[in-house]
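Fold and contact review
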Amino acid sequence: MLELKDFRTKVHNDWCPGCGDFGILNAIQMALFELKLEPHNVAIFSGIGCSGKTPHFVNTYGFHTLHGRALPIATGAKLANRDLTVVAVGGDGDGYGIGAGHFLHAGRRNLDFTYVVHDNQVYGLTKGQSSPTLPKGERTKSMPAPAIVEGINPIATAISSGYTFVARSYALDVRHLKEILKAAILHKGSALVDVLQTCPTYNDINTKEWYAGADLPSKSPRLYKLEEKGYDGVVKDPNNSGEVTEKKIQAIVNSFEWGDKIPIGVFYKIEEPTFEEMIETRMPTYKTTTLVKQDVLNRNVDPLFQYLT
Ligand code: SF4
């Protein structure tokens, strides 16, 4: 019988003590275990950065790729073997900066995969430069001056790019993150989970204490769960364009709440045909036999040559 420890490796973990990455790693392992996924049926892809080490620590197939390039490689793997559960892992600099183009287009295709982004507002591995999600005017301890440009909003960007499951969670709330990851993995289509992650080494603004609201007069936590205020981001009828637009607008509006209160949870979810299902309409064998199991060596290519000559 599969146990949680079957998803762990013996690779030495050199993340800084207290890093939020540990919470994300635990949540990924717990989600895979609770979904009863066999390790050999899961593949994890990463880019460069502290988050890039994740595949080393999860006992599944894994590929530590290049900066910002986790998504195209994950896409190729999923297309070649649609039976795989594909999870891509990146950082906010890696995914929303260097890999921003891939981030947009992966959502547009609605390929069935999950993208987990460690969002700590800095480039941790390279000494804490500001990343694309650091708000304008903020200055972390390794910056000589405050950021002079606005940060991007990953939730709003993902929704407008076509992701069909868009959520935010928190690295230090492992239970919540695990449940969000399970829902994202079970979702058929492109899923983004933006994870607010503490970087105690370089980000001295968005700390564990800051998320807990220690600086607020109320001393109450900044983070609250969307469902606690009756929010429902799930589209009931994907053919109802009015409902789709309404749900997108409410998700985007709520994603901009960032201050004394910050929402986490599922902002938007819709069931739409996946990229794989669209390929099936052109290649019927894709539905019955995944590409890696198709006999590509003994194909009769004569019709193709006749067509070309
Ligand atoms: Fe974590 Fe920051 Fe250290 Fe990277 S630099 S391991 S994100 S604490």
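Report follows, based on the coordinates. (Residues numbered from 1 in each chain as written. Predicted model: local features only at pLDDT ≥ 70, side-chain atom pairs only at ≥ 80, totals over all residues. Heavy atoms only, no water.)

Digging into the overall build of the protein chain
Selection criterion: Numbering goes from the N terminus for both helices and strands, where a helix is a DSSP run of H or I of at least four residues and a strand is a run of E of at least two. Atoms counted for the radius of gyration: C-alpha only. Globule rule: 2.2 Å times the number of residues to the power 0.38. Here a residue-residue contact requires only that any non-hydrogen atoms of the pair lie within 4.5 Å. We get accessible surface area from the Shrake-Rupley algorithm with a probe of 1.4 Å; when it comes to residues, only the shown protein chains can shield them.
From N to C terminus, the protein chain includes 12 helices and 10 strands. Here the protein chain has a C-alpha radius of gyration of 20 Å; the compact-globule value for 309 residues is 19 Å, and the two agree. Over its C-alpha atoms, taken along the principal directions, the protein chain stretches across nearly 75 × 50 × 45 Å. Intrachain contacts of the protein chain at a sequence separation of at least 6 include 70% that bridge at least 24 residues. Element-wise, carbon and sulfur atoms account for 58% of the exposed surface of the protein chain, whose accessible area totals about 15,100 Å².

Describing the packing of helix α1 (residues 21–34) against helix α7 (residues 174–186)
The line we're drawing: Fitted lines through C-alpha atoms give the axes, limited to the stretch in contact for helices. The angle between two N-to-C directions lies from 0 to 180 degrees. Roughly parallel means an angle under 35 degrees; roughly antiparallel means over 145; roughly perpendicular covers 65 to 115; every other angle is labelled oblique. Here is the rule for handedness: rotate from the far helix to the near one, and if that takes an anticlockwise turn smaller than a right angle the crossing is left-handed, while a clockwise turn gives right-handed. Basically, the charged four are Asp, Glu, Lys and Arg, the nonpolar ten are Ala, Val, Leu, Ile, Met, Phe, Trp, Tyr, Cys and Pro, and anything else, Gly included, counts as polar.
Axis separation between α1 and α7 bottoms out at 8 Å; the angle between their running directions is 50 degrees. With respect to each other, α1 and α7 are oriented oblique. Between α1 and α7 lies a crossing whose hand is right-handed. Here α1 contributes G23, I24, N26, A27, I28, M30, A31, L32 and E34 to the contact with α7, which in turn contributes V174, L177, K178, E179, L181, K182 and I185. In terms of residue class, the contact of α1 with α7 is built from 10 nonpolar, two polar and four charged.

Quick word on the layout of surface pockets
To be explicit about the condition: Definitions used throughout: a 1 Å grid over protein atoms alone; a cavity as a set of points that fits a 1.4 Å probe which cannot get out; a pocket as an open set with protein on both sides within 12 Å along at least five of seven lines; a lining residue as one with an atom within 4 Å of a point. Grid points are joined across faces, edges and corners, and a volume is the space filled by probe spheres set on the points.
As a volume, the largest pocket reaches approximately 260 Å³. If you go around the largest pocket, you meet 15 residues; those closest to its centre are T133, G151, I152, N153 and W258. Of the residues contributing to the lining of the largest pocket, the split by class is six nonpolar, five polar and four charged. Its boundaries defined by the atoms lining it, the second largest pocket holds a volume of some 190 Å³. Around the second largest pocket, the lining is made up of 18 residues, and of these I48, G49, C50, Y123 and G124 lie nearest the centre. Residue contributions to the lining of the second largest pocket peak at three residues, all from helix α4 (residues 92–98). For the lining of the second largest pocket, the per-class residue count stands at five nonpolar, 10 polar and three charged.

Some remarks on the packing of aromatic side chains
As a reminder, the rule being used: Note on ring pairs: Phe, Tyr and Trp rings are taken, using the six-membered ring of Trp, and paired if centres are within 6.5 Å. Classes follow the plane angle, with under 30 degrees stacked, over 60 edge-to-face and the rest tilted. Burial classes: relative accessible area under 20% of the type maximum marks a residue as buried, over 50% as exposed, and values in between as partly exposed (1.4 Å probe, protein chains only).
Scanning all chains against the criterion turns up nine aromatic pairs. Taking the centre distance of 5.4 Å and the plane angle of 85 degrees together, the rings of W15 and F22 count as edge-to-face. The exposure class assigned to W15 is buried, which follows from its relative accessible area of 6%. Residues F103 and Y115 carry aromatic rings whose centres are separated by 6.2 Å and whose planes lie at 50 degrees to one another, so their mutual orientation is tilted. Here the residue F103 occupies a position in helix α5 (residues 100–109), and Y115 occupies one in strand β4 (residues 113–119), the gap between them amounting to 12 residues. For the pair F103 and Y115, one class covers both residues: buried. Ring-pair connections join several aromatic residues into one group, and the members of that group are Y96, F103, Y115 and Y163.

Overview of unusual backbone geometry
Its identity as a non-glycine residue notwithstanding, K36 has a phi of 60 degrees, on the positive side. Inspection of the secondary structure puts K36 in the loop between α1 and β1 (42–46). The phi torsion at K127 lies on the positive side, around 85 degrees, for a residue other than glycine. Its place among the elements puts K127 in the loop between β5 (122–123) and β6 (129–130).

Description of a nonpolar patch on the surface
The condition is simple: Each patch is assembled from residues with relative accessible area greater than 30% and no salt bridge, linking like charges that lie within 9 Å and nonpolar side chains (Val, Leu, Ile, Met, Phe, Trp, Tyr) that lie within 5 Å. Any Lys or Arg side-chain nitrogen located within 4 Å of an Asp or Glu carboxyl oxygen qualifies as a salt bridge.
Residues V301, L304, F305, Y307 and L308 make up a contiguous nonpolar surface patch of roughly 580 Å² in combined accessible area. Relative to the helices and strands, F305 is located in helix α12 (residues 302–308).

Here's the deal with the pattern of salt bridges
Side-chain pairs of opposite charge can arise where the charged atoms are in close proximity. Enumeration according to the criterion identifies 13 salt bridges in this entry. Here K178 makes a salt bridge to E34, at a shortest N to O gap of 3.1 Å. Of the two residues, K178 sits in helix α7 while E34 sits in helix α1, which places them 144 residues apart along the sequence. Here E34 ties to K182 by a salt bridge, and the two come within 2.8 Å at their closest N and O atoms. With E34 in helix α1 and K182 in helix α7, this pair connects stretches of sequence that are 148 residues apart. Judged by relative accessible area, K182 falls into the buried class, the value being 15%. Where salt bridges share partners, they join E34, K178, E179 and K182 into one cluster.

Topic: the packing of helix α3 (residues 70–80) against α5
Here α3 crosses α5 at 30 degrees, and the two axes come no closer than 9 Å. By the angle between their axes, α3 is roughly parallel relative to α5. Facing L71, P72 and T75 of α3, the residues of α5 in contact are H102, F103, A106 and R109. For the contact of α3 with α5, the per-class residue count stands at four nonpolar, two polar and one charged.

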